[in-house]
Amino acid sequence: MPSYANESNANESNANESKRQRELGELLDPATTALLTVECQQGVVGPDSALPELAEAARSSGALGNVARLVAAAHTSGVQVLHAVAERRPDGRGANRNARLFDAAARLPVRQLTGTAAVRVAPPIEVAREDLVVRRLHGLSPLAGTDVDALLRNLGCRTLIVAGVSANVAVPNAVFDAVNLGYRVVVPGDAIAGVPADYTPAMIRHTLALVATVATTAEVLARIERAGRRT
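Nothing here was measured: the structure is a model prediction, and the numbers come from that model. (Residues numbered from 1 in each chain as written. Predicted model: local features only at pLDDT ≥ 70, side-chain atom pairs only at ≥ 80, totals over all residues. Heavy atoms only, no water.)

**Structural notes on unusual backbone geometry**
So, point 1. Note the cis peptide between P123 and P124, where omega equals 10°.
So, point 2. Tracing the chain through its elements places P124 in the loop between α5 (100–107) and β3 (132–136).
So, point 3. Each neighbour pair has its own omega, and for V165 with S166 the value is -5°, a cis peptide bond.
So, point 4. Along the chain, S166 falls in the loop between β4 (159–165) and α7 (170–180).
So, point 5. Within the chain, E39 stands out as a residue other than glycine whose phi angle is a positive 50°.
So, point 6. Locating E39 in the fold gives a position in the loop between β1 (33–38) and α2 (42–45). (Helix = DSSP H or I, 4+ residues; strand = E, 2+ residues; numbered from the N terminus.)

**Some thoughts on the pairing of strand β5 (residues 184–188)**
So, point 1. Counting buried positions along β5 gives four out of five residues, so the element sits mostly inside the fold.
So, point 2. Across three bridges, β4 lies against β5 in parallel orientation. What sits directly across from L160, in β5, is V185.
So, point 3. For the crossover from β4 across α7 to β5, the handedness is right-handed.
So, point 4. For β5 and strand β7 (residues 213–215), the ladder comprises three bridges, and the chain directions are parallel. Residue pairing in the sheet places V187 in a bridge with V214 of β7. (Buried < 20%, exposed > 50% of the residue type's maximum accessible area, 1.4 Å probe, protein only. Pairing = 2+ DSSP bridges. Right-handed = clockwise from strand over helix to strand, strands pointing away.)

**Examining helix α3 (residues 52–60)**
So, point 1. Those residues of α3 lying buried are L54, A55, A57 and A58. For α3, the arc enclosing every buried residue in end-on projection is 160°, short of the 170-degree limit, so these residues lie on one face. The exposed set on the far side of α3, more than 90 degrees from its buried face, consists of P52, E53 and S60.
So, point 2. Buried positions along α3 lie against α2, α4 (63–77), β4 and β6 (192–193).
So, point 3. In the segment just after α3, G62 is the residue with positive phi, at about 90°. (Arc of directions from axis to C-beta. Contact = heavy atoms within 4.5 Å.)

Right, dumping it as structure tokens:
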């Protein structure tokens, strides 16, 4: 015989689920929603990554596959896709040198050099003709100092879905910058990855959930696909 406590917990869980579904339904209008993939490039998440531990986390967790699913659904639902790529000139001109992370990246055997395979969007993500690829030569954020904000505003975007890597640096930078710029942000928690593996869920729960709507890839897919069928 089920206890009242179990019934209460189940009711609370169902109420929270319904609340999140309603929230996602309000947020994810394809006409005003864009999907931003963050540093899902071959030199970061591909087989020959400069950061093999991160690449392994992105692939083994299913995060990279989920990003690909989100991109495919966006293409068929009318959601604009932007791919944020981090790269450097071969001479390093204009790149940051004010943090240990930048010095370490410059010494890696695989470098994210402009025009090389390392800065191409990695499979299984498919880049469509209507996608926008935004490349940056400096900094830690896909938004700060790039064209992303201007492009989103010109597209009439109000909600930004953020997915990709890493949960350690670029993804939280993207989320905070988007919120500071006035966008509503949705984070599919199983479509981002970082290292170590147990850091990602903790960062989502204790940081990103405070400023963004956290959902699963399946929940986001269901909403944008449903909305896309209505348009």
